[in-house]
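Secondary and tertiary structure notes
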Amino acid sequence: MTPEPQSTTGTHDPAPGPPPGCPAHGRGPGGLQRLYGPGAEDLGRLYEQLREEHGPVAPVLLHDDVPMWVVLGHAENLHMVRTPSQFTRDSRVWTPLAEGMVRPDHPLMPHIAWQPICSHAEGEEHTRLRGAVKAAMATIDHRGLRRHIYRATQRLVNDFCEDGHADLVGQFSEHLPMAVMCQVLGMPEEYDDRMVHAARDALKGTETALASHAYVMDALSRLTARRRVRPADDFTSHLVTDPAGLTDDEVREHLRLVLFAAYEATVNLLSNVLRRVIVDPRFYARLNGGQMTVPEAVEQSLWDEPPFSTILGYFAKQDTELGGQRIRRGDGLLFAPAPGNVDPRIRPDRSASMRGNRSHLAFGGGPHECPGQDIGRAIADVGVDALLTRLPDVQLAVEEGDLRWTTSIASRHLVALPVHFAPKPQQEIVLGPTLGALPGQRSSGPTLPAQPSGPLLAEPVADPAGTGVPQEAGPAPFTAPEPVARPSAWQRFLTWWRGH
């Protein structure tokens with residue numbers, strides 16, 4: 001934010017803090033809390049300290065001690081994202097950037113730098129670009145999408161089900177969203193281990209991130225050129241042919257935005273839900289006992305562990321007030337779903353179930369609310385349900401305390417989720433779910449309900465050239481099951497909901 005004449009925060013001058021760089025408290029100039037380096041390893045704890053010290057909006061320092069506000073309150077976050085007359089996502093109005101405080105190679109510049117995309121645009125330009133993206137999203141067949149998610153899940157589980165052990169992050173969570181998004185965009189032939197690695201590497205900001213980003217952008221450029229000549233029935237084609245008349249550069253940049261945002265968010269969401277179900281027996285028991293459905297488990301995770309901890313950033317278009325703090329024109333603010341979702345004013349008891357409540361901040365709000373949130377939900381709903389149906393006895397292979405995360409201001413990413421289970425035979429990727437009994441249940445602890453789970457019968461899909469993914473197999477020979485009692489109304493509803 002822009003400092004007052006004698007203050008680096010725009011608020012009262014605090015007492016002199018520890019020297020800059022002091023690891024004891026992570027404080028910087030003016031005693032402001034750094035959101036990086038020593039003292040910022042546990043950002044969740046740090047946000048609560050800031051809430052206690054400053055209230056729902058707190059002054060902080062980004063890398064290189066660049067001043068910023070972090071919005072901790074649920075209501076304050078919603079006000080900021082829903083008031084475009086006061087706050088914008090166009091970083092060109094950010095005072096520290098205009099005054100040269102933010103160097104070109106600042107580690108957060110890829111998140112902050114203005115780009116000609118709908119999430120940074122305003123007014124008529126925002127309407128034009130976002131309208132094209134939403135119109136393309138509206139063409140997605142969500143029942144067909146769930147069928148594809150189901151088939152992709154079965155293929156991934158087949159790769160490790162006979163081993164009796166797996167890393168559900170590296171072998172599942174990091175692959176399923178990419179397989180689905182490549183299908184949605186219209187480039188299923190690009191889905192492979194290299195594309196997954198390139199996306200992960202580009203998002204991590206490693207030394208090879210630029211090369212990985214270039215690899216992904218080359219694939220998107222080729223896709224844009226193909227669909228400009230030969231449109232098909234996919235997201236990219238509808239974006240290319242939209243009446244808004246997007247240029248090739250605009251199409252490519254929005255494909256990158258959709259791919260990266262959907263990929264990173266859904267990887268984190270899948271990992272968080274699976275970890276919670278596997279590690280927390282009470283959570284699993286509620287799922288198994290019918291007190292919670294998989295979609296409800298996903299929503300609970302979106303409350304407790306939103307895929308993005310903060311979003312960089314919003315910028316004040318005028319002098320204003322937010323959460324009791326004076327915000328000056330040109331100040332920068334972090335939209336913060338993680339601390340906003342646990343604001344004690346709306347969640348005095350964090351352990352309480354948020355069942356039926358979708359007012360979390362995980363997908364943003366206002367003009368820039370995530371337009372693809374239903375895709376992320378579908379990947380998590382179907383993927384988790386199908387995996388746990390295949391592996392109902394899955395158990396954590398290490399102590400819970402040994403799980404590791406990589407943490408940044410933007411997100412908290414589970415590094416690995418090692419599990420073990422009784423080896424299972426591979427299953428044919430049939431046109432619909434098998435009708436036989438589920439695999440054996442856990443010998444100890446709760447299990448998922450013994451109900452069939454999977455999407456509707458799907459049409460065969462040819463193997464894309466060069467993927468190495470086998471074509472859909474025909475249905476296995478069917479043996480009539482023993483007569484069973486008519487399922488209850490609730491079971492029939494669940495069967496319908498899951499796509500049978």
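Residues numbered from 1 in each chain as written. Predicted model: local features only at pLDDT ≥ 70, side-chain atom pairs only at ≥ 80, totals over all residues. Heavy atoms only, no water.

Across the sheet, 6 strands lie side by side as β1-β2-β3-β9-β6-β4; this open sheet has mixed pairing. Of all strands in the sheet, those with a lone pairing partner are β1 (33–34) and β4 (87–88), marking the two edges. Contacts from helix α1 (residues 43–54) reach β1, β2 (57–62) and β3 (66–71), with the element oriented near 130 degrees to β2. Against the sheet, helix α2 (residues 74–81) contacts β2, β3, β4, β6 (311–316) and β9 (332–335), and its axis sits at roughly 115 degrees relative to β9. (Pairing = 2+ DSSP bridges. Helix = DSSP H or I, 4+ residues; strand = E, 2+ residues; numbered from the N terminus. Contact = heavy atoms within 4.5 Å. Axes fitted to C-alpha atoms, helices over the stretch in contact; angles between N-to-C directions.)

The next thing to look at is helix α8 (residues 176–185). Across the 10 residues of α8, 9 count as buried, placing the element largely inside the fold. Regarding α8, the residues found buried are Leu 176, Pro 177, Met 178, Ala 179, Val 180, Met 181, Cys 182, Val 184 and Leu 185. Just past α8, the residue Gly 186 takes up positive phi, approximately 100 degrees. (Buried < 20%, exposed > 50% of the residue type's maximum accessible area, 1.4 Å probe, protein only.)

Running from N to C, helix α9 (residues 193–204) and helix α10 (residues 209–229) cross one another at 130 degrees; their axes reach a closest spacing of 8 Å. The angle between the axes of α9 and α10 places the two elements in the oblique class. The hand of the α9/α10 crossing is left-handed. Two secondary-structure elements touch here, α9 through Arg 194, Met 195, Ala 198, Ala 199, Asp 201 and Ala 202 and α10 through Ala 209, Ser 212, His 213, Tyr 215, Val 216 and Ala 219. (Parallel < 35°, antiparallel > 145°, perpendicular 65-115°, else oblique. Left-handed = near helix turned anticlockwise from the far one by under 90°.)

This part takes up the pattern of salt bridges. Applying the stated criterion across every chain yields a total of 31 salt bridges. In this structure, Glu 48 and Arg 51 form a salt bridge, with 2.8 Å as the shortest nitrogen-oxygen distance. Here the residue Glu 48 and the residue Arg 51 both occupy positions in helix α1, the gap between them amounting to 3 residues, near one helical turn. Judged by its relative accessible area of 12%, Arg 51 falls in the buried class. Linking Glu 305 and Arg 412 is a salt bridge whose minimum nitrogen-to-oxygen distance equals 4.0 Å. With Glu 305 in the loop between α14 (294–304) and β6 and Arg 412 in strand β12 (residues 412–414), this pair connects stretches of sequence that are 107 residues apart. Given a relative accessible area of 17%, Glu 305 falls into the buried group. Taken together, the salt bridges that share partners define one network made up of Arg 276, Asp 280, Asp 304 and Arg 347. (Salt bridge = Lys/Arg side-chain N within 4 Å of Asp/Glu carboxyl O.)

With that settled, consider the nonpolar core. In terms of nonpolar packing, the biggest core is built from 86 residues, with Leu 168, Phe 235 and Leu 417 touching the most fellow members. Among the elements that line this core, the one with the most residues is helix α12 (residues 248–279), at 14 residues. Leaving out residues up to four positions away in the same chain, Leu 168 has contacts with Phe 160, Ser 173, Leu 274, Ile 278, Leu 387, Leu 417 and Val 419. Among the nonpolar cores identified, the runner-up in size contains 23 residues, and Val 70, Leu 72, Ile 112 and Phe 315 belong to it. (Core = buried A, V, L, I, M, F, W, Y, C linked by side-chain atoms within 4.5 Å.)

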